[in-house]
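Examination of the molecular architecture
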Amino acid sequence: QVQLVESGGGLVQAGGSLRLSCAASGSILRINVMGWYRQAPGERRDLVASITRGGNTYYADSVKGRFTISRDNAKNTVYLQMNSLKPEDTAVYYCNARFINGVGYWGQGTQVTVSS
């Protein structure tokens, strides 16, 4: 199993920045991909960005050029740097860790609110 603890959410004005952190513990050597998802009220949970063990990254079109995902293997932590935030980025952001066999784990979520 994997435990994920997120931090870094909050309230920010449009155009501002936030950095989310996700610290992993447990069976971390089995993690193949880590990602950030977000879910706004009444909406589905969507993938925002992900990073593989090898460092390959993926970004949703809506955040390309504004968000950057990175990982610090020594700290077992994944970060999401969010710049040029927009009101439509408002959501609960969830960290996800997935094993190569597809088994996945979720963090508890952290609220990001962007005011206009």
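Heads up: the structure comes first, above all this text.
Only a predicted model underlies this, so the values are computations on that prediction, with no experimental measurement involved. (Residues numbered from 1 in each chain as written. Predicted model: local features only at pLDDT ≥ 70, side-chain atom pairs only at ≥ 80, totals over all residues. Heavy atoms only, no water.)

1. Comments concerning unusual backbone geometry
Rules: Comment: elements are numbered from the N terminus, with helices defined as DSSP H or I runs of at least four residues and strands as E runs of at least two.
Non-glycine residue N76 carries a positive phi angle of around 50°. Within the fold, N76 resides in the loop between β7 (67-72) and β8 (77-82). A positive phi angle, near 50°, is found at S84, a position not held by glycine. Assignment of secondary structure puts S84 in the loop between β8 and β9 (91-99).

2. So, the nonpolar core
When a protein is soluble and globular, its nonpolar side chains tend to lie buried together. Formally: Residues belong to a common nonpolar core when they are buried Ala, Val, Leu, Ile, Met, Phe, Trp, Tyr or Cys residues joined through side-chain atoms within 4.5 Å. Exposure categories follow from relative accessible area, calculated using a 1.4 Å probe and restricted to protein chains: below 20% of the type maximum is buried, above 50% is exposed, and the middle band is partly exposed.
Formed by 30 residues in total, the largest nonpolar core has its most connected members in L4, M34, W36, L80, M82 and Y93. Listing elements by their share of this core, those giving two or more residues are β1 (2-7), β3 (18-26), β4 (31-39), β5 (46-52), β7, β8, β9 and β11 (110-115). For this core, the leading source of residues is β9, giving five residues.

3. What to know about the side chain of S50
Under the convention used in this document: Note on contacts: a residue pair is in contact if any heavy atoms of the two residues lie within 4.5 Å.
Secondary-structure assignment places S50 in strand β5. In contact with S50, not counting residues within four places along its chain, are V33, M34, G35, N56, T57, Y58 and I69.

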